[in-house]
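Structural overview
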Amino acid sequence: MSGDKFSDINGNTILLDCQNHTSFCREFTVSAAKVSFRKVMAYTCSVWLTAYAIFLLTDNTTVLSGAIFVTLVGMMLHLHFVKIDHESVLIIGSLGIQMSSSYASGRESTTFIEMGKVKDIVINEAIYMVSRADNVYIIIYPPDSFIF
């Protein structure tokens, strides 16, 4: 099952890579497509055309400067907090579960859960209009907390 192609809830292609490191250690990695140049250009053009239309009506040049600033800050925030390049789940039997996320900006986030704290693992299927999404929840001890 190494390198299989699937699609996400929006129809974009994602890759699933499964690795067996040892008999009690498995790693699952989901990789998404890189940032689309077409989307970046569409958002940038829409913000700048709106700013230029406002500039033509008001003759205020700060609108154009504000549009450039909003576009740059928006792109940086999207790359740093939203756009995930790949996620991985490393399951080490009797030791724990490590979940890692790598964002488009290079930032990485890692969470480790000791196996003794794992109470249950729930796989949920959500249906949105005409598409389906699978969710995996790890219920940990104490019972009022979970990680998804």
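Please refer to the structure placed before this passage.
Everything numeric here is computed off the predicted structure, so don't read it as measured data. (Residues numbered from 1 in each chain as written. Predicted model: local features only at pLDDT ≥ 70, side-chain atom pairs only at ≥ 80, totals over all residues. Heavy atoms only, no water.)

**Notes on the overall build of the protein chain**
When its secondary structure is counted, the protein chain shows 2 helices and 9 strands. The C-alpha radius of gyration computed for the protein chain amounts to 21 Å, which surpasses the reference 15 Å derived for 148 residues by more than 25%, pointing to a less compact arrangement than a globule. Each principal axis of the C-alpha distribution contributes one length, and for the protein chain these read about 65 × 35 × 30 Å. A sequence separation of at least 24 residues applies to 29% of the contacts in the protein chain between residues at least 6 apart. Accessible area of the protein chain: about 10900 Å², with a carbon and sulfur share of 63%. Charge separation in the protein chain, taken as the distance between the mean sites of 10 positive and 13 negative side-chain charges, equals 3 Å. (Helix = DSSP H or I, 4+ residues; strand = E, 2+ residues; numbered from the N terminus. Rg over C-alpha atoms; globule rule 2.2 N^0.38 Å. Contact = heavy atoms within 4.5 Å. Areas by Shrake-Rupley, 256 points an atom, 1.4 Å probe, with all protein chains shown as cover. Lys, Arg positive; Asp, Glu negative; His and termini not counted. Charge placed at Lys NZ, Arg CZ, Asp CG, Glu CD.)

**Let's talk about the nonpolar core**
Residues I97, M99, I113, V118, I138 and I140 constitute the largest nonpolar core, which totals 6 residues. Mapped onto this core, the elements with two or more residues apiece are β5 (96-103) and β8 (131-140). (Core = buried A, V, L, I, M, F, W, Y, C linked by side-chain atoms within 4.5 Å. Buried < 20%, exposed > 50% of the residue type's maximum accessible area, 1.4 Å probe, protein only.)

**Side note on the sheet that holds strand β1 (residues 4-7)**
Pairing within the open sheet is antiparallel, and its 6 strands lie in the order β1-β2-β3-β4-β5-β6. Since the sheet does not close on itself, it has two edges, and those belong to β1 and β6 (108-114), each with one partner. Each adjacent strand pair in this sheet contributes to an overall mean axis angle of 20°, direction not counted. Where β5 meets β6, 7 bridges bridge the pair, whose relative direction is antiparallel. Residue pairing across strands places Q98 opposite F112, the latter belonging to β6. (Pairing = 2+ DSSP bridges. Axes fitted to C-alpha atoms, helices over the stretch in contact; angles between N-to-C directions.)

**Looking at the pairing of β1**
As defined by bridge partners, β1 adjoins strand β2 (residues 13-22) across 4 bridges and the pair is classed as antiparallel. For D4, the partnering residue across the bridge sits in β2 and is L16. Hairpin geometry of β1 and β2 is characterised by an intervening segment of 5 residues between the two adjacent antiparallel strands and by a positive phi of about 90° at G11.

**Considerations on the packing of aromatic side chains**
Each aromatic ring pair is specified by the distance between its two centres and by the angle formed by the two planes. Throughout the structure, instances matching the rule amount to 1 aromatic pair. With a centroid separation of 5.9 Å and 35° between ring planes, the pair formed by Y52 and F55 is classed as tilted. One end of the pair is Y52 and the other is F55, both in helix α1 (residues 37-58) and 3 residues apart, which spans about a single turn. Residue Y52 is classed as partly exposed on the basis of its relative accessible area, which comes to 43%. (Phe/Tyr/Trp six-rings, centres within 6.5 Å; stacked < 30°, edge-to-face > 60°.)

**Section: the state of the cysteines**
Disulfides are covalent bonds that link the sulfur atoms of two cysteine residues. This model, assessed by the stated rule, comprises 0 disulfides. Counting only cysteine sulfurs, C18 is the nearest neighbor of C25, a cysteine outside any disulfide, at a range of 13 Å. (Disulfide = S-S within 2.5 Å.)

**Quick notes on α1**
Each turn of an α-helix holds 3.6 residues, which means side chains three or four residues apart point in the same direction. Along its 22 residues, α1 runs 31 Å from first to last C-alpha, staying within 8% of the 32 Å computed at 1.5 Å per residue. Inspection of α1 places T44, A51 and F55 among the buried residues, and these make up the whole buried set. Buried residues along α1 cover an arc of 50° about the axis, so they all sit on one side. For α1, exposure combined with an orientation more than 90 degrees from the buried face picks out R38, K39, L49, L56 and L57. Structurally, α1 contributes buried residues whose contacts are with α2 (62-82). One or two steps after α1, the chain reaches D59, where phi turns positive at roughly 55°. (Expected span 1.5 Å × (residues − 1). Arc of directions from axis to C-beta.)

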